[in-house]
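# Chains, contacts and geometry: an overview
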Amino acid sequence: MYITLDGVSRQYGDIWAVDRVNMGIGQSEFVSLLGPSGSGKTTLLRIIAGLEKPTTGRVLIDGVDVTDLPPHRRGVAMVFQEFLLFPHRTVYENLAFPLRMLKLPKAEIEERVAWVVGILSLAGLEKRYPNQLSGGQQQRVALGRGLVGRPKALLLDEPLANLDRELRQEMEVEIRRHQIALGIPFIYVTHNQEEALSMSDRIAVVRRGRIEDFAPRTQIYDTPRTAFIAQFVGRSNRFEGTLDGAGMLASDCGARLAVPAAGLAAGSRAMLFVKNEKLRLDPAGATPAGANSLACTVKDVILRGAYADYILAFGNRELNASRPRSERAFLAGEAVTASFDAADMDLFDADGERPS
Ligand SMILES: Nc1ncnc2c1ncn2[C@@H]1O[C@H](COP(=O)(O)OP(=O)(O)O)[C@@H](O)[C@H]1O
Ligand SMILES: [Mg+2]
């Protein structure tokens, strides 16, 4: 592993912002730290950068224990949400700044700035000031300032949080392309699951200072290891209830659901998640009533372009289904059957763990 975190913790007063984290990040991996606000993502990133000292544990980069090294001796760079460009300096000066701090010769500074200007498509903007740039251009300059020192790894802390959705999605593609071209690890902090899913090789889900799971992005999305991840990643319908010999009785809506018998004793509490896109819709009566077929009424239809999001009334609760527009459309007021396959449910015990 290129970057190793070995038992890393950070205490502030009586809270553990980072709590016994062990992680290994590969030579050219894109890894996201995904978690809600306050879960410890920034603290963990700052510990890797050397901006924060861990209370316990070690950080290794490229085989070297850097735990006691200052940031500028670690060979990693960091990009922040607020861009932190100097407003009274030109793009060129902003990009050259980290190199001047390293006291590099003028010719080398010029060569390296020209290199980042090239890869980040900033040609022609060198003499502008930050307030004369679009949000995307400012973001690219901030990225360029991280890359200009040719770091061994780039750490990014919510760099797209201030951009609108369309620009954010463009930048996601761009950032991933740069990471692949450079072949260095990027560690990307975000609370936004779409960003983490769009770019990452692997995602570490962070919760209360701990890594809840660290796995390939498809695995995080398709087979969440815990109820917390199922809740946090993707959009799902959640059922809670008690298991009996015949399945699960959902406590909030009285639905009887067929669940795999695996691992959970009759009488125990369980949680079940079904992703919105896994809920099939058929006109009421069109399919024989089977296991996990729920009679609903369409309350509302939200068009999302290629998809339609349906809000369904089921007894006294709502269900959410997301269906491709290529399928039959339903209108508000229509009676539908919402159904799902056993393979598409994620079942957890009362503690939010998968039954073994
Ligand atoms: N310098 C600090 N002093 C005291 N508490 C801090 C400090 N930095 C972070 N924390 C606390 O540590 C926890 C994790 O914060 P942070 O790493 O910023 O989370 P995130 O980036 O996931 O939002 C929060 O409870 C936060 O209030
Ligand atoms: Mg943060």
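Above this note sits the structure.
To keep things clear, this report deals only with the structure shown in the data block. All values derive from a computational prediction rather than experimental measurement.

Another point: the side chain of Lys275. Position of Lys275 among the secondary structure elements: in strand S14 (residues 269–275). Buried and unpaired, Lys275 has Asp346 as its nearest opposite-charge partner, separated by 4.4 Å.

The next thing to look at is the sheet that holds strand S4 (residues 56–61). Taken together, 4 strands build an open sheet; the order of strands is S2-S1-S4-S5 and the sheet is antiparallel. If you trace the sheet from one side to the other, it starts and ends with strand S2 (15–25) and strand S5 (64–65), each paired once. When S4 meets S5, the two strands line up antiparallel, connected through 2 bridges. From the neighbouring strand, Ile61 faces S5, where its bridge partner is Val64. Seen against the sheet, helix H1 (residues 41–49) touches strand S1 (3–12), S2 and S4 and runs at an angle of roughly 120 degrees to S1.

So, on to the sheet that holds strand S15 (residues 280–283). Taken together, 5 strands build an open sheet; the order of strands is S15-S19-S16-S17-S18 and the sheet is antiparallel. At either end of the open sheet lies a strand with only one pairing partner, and these are S15 and strand S18 (317–324). The mean angle between the axes of side-by-side strands here comes to 45 degrees, regardless of whether they run parallel or antiparallel. By the bridge criterion, 5 bridges tie strand S16 (residues 293–303) to strand S19 (residues 335–339) in an arrangement that is antiparallel. The partner of Cys296 across the bridge, within S19, is Val336.

Around ligand 1 lies a shell formed by Tyr12, Ile15, Ala17, Pro36, Ser37, Gly38, Ser39, Gly40, Lys41, Thr42 and Thr43. Lys41 places a side-chain nitrogen or oxygen 2.8 Å from an oxygen atom of ligand 1. In the environment of ligand 1, an oxygen atom lies 2.8 Å from a nitrogen or oxygen atom belonging to the side chain of Thr42. Within the complex, 57% of the 560 Å² of free accessible area of ligand 1 lies under protein. The set of elements that each furnish at least two residues to the shell around ligand 1 consists of S2 and H1. When residues of the shell around ligand 1 are assigned to their parent elements, the largest contribution, 3 residues, is made by H1. Per-class residue counts for the shell around ligand 1 are 4 nonpolar, 6 polar and 1 charged.

A word on helix H3 (residues 106–119). Between its first and last C-alpha atoms H3 spans 20 Å; for 14 residues at 1.5 Å apiece the expected length is 20 Å, and the two agree. All of the buried residues in H3 are Ile109, Arg112, Val113, Val116 and Val117. Each buried residue of H3 sits inside an arc of 140 degrees when the element is viewed along its axis, so together they form one side. With respect to the buried face of H3, the exposed residues turned more than 90 degrees away are Ala107 and Glu111. Where H3 is buried, its residues meet helix H2 (91–101) and helix H4 (135–147).

Attention now moves to the nonpolar core. If you look at the biggest cluster of nonpolar residues, it comprises 31 residues, and the most contacted ones within it are Leu95, Val113, Leu143, Leu154, Ile175 and Phe186. Breaking this core down by element, the ones donating at least two residues are strand S6 (76–79), H2, H3, H4, strand S7 (153–157), helix H5 (165–182) and strand S8 (186–190). Grouped together as the second largest cluster of nonpolar side chains are 29 residues, Ala255, Val274, Leu281 and Phe314 included.

Each α-helix turn comprises 3.6 residues. Residues three or four places apart therefore point the same way. Among the residues of H2, those classed as buried are Val91, Asn94, Leu95, Ala96 and Leu99. Elements that come into contact with the buried residues of H2 comprise H3 and H4.

To continue, consider the packing of aromatic side chains. Counting across every chain of the model gives 7 aromatic pairs. Here Phe86 and Phe97 contribute two aromatic rings whose centre-to-centre distance is 4.7 Å and whose plane-to-plane angle is 70 degrees, an arrangement assigned as edge-to-face. Linking Phe86 in the loop between S6 and H2 with Phe97 in helix H2, this pair joins segments that are 11 residues apart in sequence. Judged by its relative accessible area of 26%, Phe86 falls in the partly exposed class. Taking the relative accessible area as the measure of exposure, Phe97 reaches 24% and is therefore partly exposed. Judged by centre distance (5.8 Å) and plane angle (75 degrees), the ring pair of Phe273 and Phe348 falls under edge-to-face. One end of the pair, Phe273, is in strand S14; the other, Phe348, is in strand S20 (residues 345–349), and 75 residues separate them in sequence. With relative accessibility at 2%, the residue Phe273 sits in the buried group. Ring pairing ties together the aromatic residues Phe30, Phe186 and Tyr188, which thus form one cluster. It is Arg145 that lies over the ring of Phe86; its NZ or CZ is 5.1 Å from the centre.

Per the stated rule, a full pass over the model turns up 28 salt bridges. Between Glu110 and Lys106 there is a salt bridge, with the nearest N and O atoms lying 3.1 Å from each other. Separated by 4 residues within a single helix, Glu110 and Lys106 lie in helix H3, roughly one turn from each other. Look at Glu110 and you get partly exposed, because its relative accessible area is 39%. Look at Lys106 and you get exposed, because its relative accessible area is 63%. Note that Asp201 and Arg176 form a salt bridge whose closest N and O atoms lie 2.9 Å from each other. With a gap of 25 residues between them, Asp201 in the loop between helix H6 (193–199) and strand S9 (202–207) and Arg176 in helix H5 connect regions that are remote in the sequence. Among the residues examined, Asp201 registers a relative accessible area of 28% and is labelled partly exposed. Counted as one network, the salt bridges with shared partners bring together Arg165, Arg168, Glu172, Glu194 and Glu195.

Calculation rules
Residues numbered from 1 in each chain as written. Chains lettered and ligands numbered in written order. Predicted model: local features only at pLDDT ≥ 70, side-chain atom pairs only at ≥ 80, totals over all residues. Heavy atoms only, no water. Helix = DSSP H or I, 4+ residues; strand = E, 2+ residues; numbered from the N terminus. Buried < 20%, exposed > 50% of the residue type's maximum accessible area, 1.4 Å probe, protein only. Lys, Arg positive; Asp, Glu negative; His and termini not counted. Salt bridge = Lys/Arg side-chain N within 4 Å of Asp/Glu carboxyl O. Pairing = 2+ DSSP bridges. Contact = heavy atoms within 4.5 Å. Axes fitted to C-alpha atoms, helices over the stretch in contact; angles between N-to-C directions. Near = heavy atom within 4 Å. Polar contact = N/O pair within 3.5 Å; in protein donor to acceptor, adjacent residues only side chain to side chain. Areas by Shrake-Rupley, 256 points an atom, 1.4 Å probe, with all protein chains shown as cover. Nonpolar A, V, L, I, M, F, W, Y, C, P; charged D, E, K, R; others polar. Expected span 1.5 Å × (residues − 1). Arc of directions from axis to C-beta. Core = buried A, V, L, I, M, F, W, Y, C linked by side-chain atoms within 4.5 Å. Phe/Tyr/Trp six-rings, centres within 6.5 Å; stacked < 30°, edge-to-face > 60°. Lys NZ or Arg CZ within 6 Å of the ring centre and 35° of its normal.

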